[in-house]
Amino acid sequence: MDEEFGPITAGDMIDGTIELASSINRAEVYEFSLKNQFMGFADFRAAFTPETPMDWTVEPNEGALSKDATDFIVKFRPQNPGTTEGFLVIETEDFKKTWKVIGSTA
């Protein structure tokens, strides 16, 4: 998918903010669903921008969006104390959705 979509970059609009707090080496989870806003199926890629720390993961990271909702699971598992920020991008050929992610240690 990286060849098809190119580099991972945040979109011009931020669709939301995901804020999670967790202890070091303990995962905190955020779940949401997304549908294809257009007809039919569309291949998607879900990934974080390069500056986003490796403390963040998303599943699934690729697949096909349809009119039926696809469930996404975002996990924040901090390796060091403090606050981290970045962007989650889910994109198809037709649209790009971007969420700001903010993680902190409790």
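Points about unusual backbone geometry
Residue P60 follows E59 across a cis peptide bond; omega there is -10°. By the element assignment, P60 lies in the loop between β4 (56-59) and β5 (62-65). Of note, the phi angle at N25 is positive, near 65°, even though the residue is not glycine. For N25, the position within the fold is in the loop between β1 (16-22) and β2 (28-34). For N25, a relative accessible area of 41% translates into the label partly exposed.

Concerning the nonpolar core
Counting 18 residues, the largest nonpolar core has I18, F32, F72, V74, L88 and I90 as the members making the most contacts within it. Looking at this core, the elements that each hand over two or more residues are β1, β2, β3 (42-48), β4, β6 (70-76), β7 (83-91) and β8 (96-105). Beyond its immediate chain neighbours, meaning those up to four positions away, L88 contacts I18, F32, A47, F48, V58, V74, K97, T98, W99 and V101.

What counts, and where the lines are drawn
Numbers given for residues are sequential positions, taken from 1 along each chain in its written order. Given that this is a predicted model, residues contribute local features only at a pLDDT of at least 70 and side-chain atom pairs are listed and counted only at 80 or more, while totals for whole chains, interfaces and linings are drawn from all residues. Hydrogens and waters are ignored; side-chain quantities use all the structure's heavy atoms. Numbering of helices and strands runs from the N terminus, with a helix taken as a DSSP run of H or I at least four residues long and a strand as a DSSP run of E at least two residues long. Per-residue accessibility, obtained with a 1.4 Å probe over protein chains only, is compared with the maximum for each type, and a residue is labelled buried under 20%, exposed over 50%, and partly exposed between these values. Take the buried residues of types Ala, Val, Leu, Ile, Met, Phe, Trp, Tyr and Cys, join any two whose side-chain atoms come within 4.5 Å, and each joined set is a nonpolar core. Here, residues are in contact when the closest pair of their heavy atoms is within 4.5 Å.

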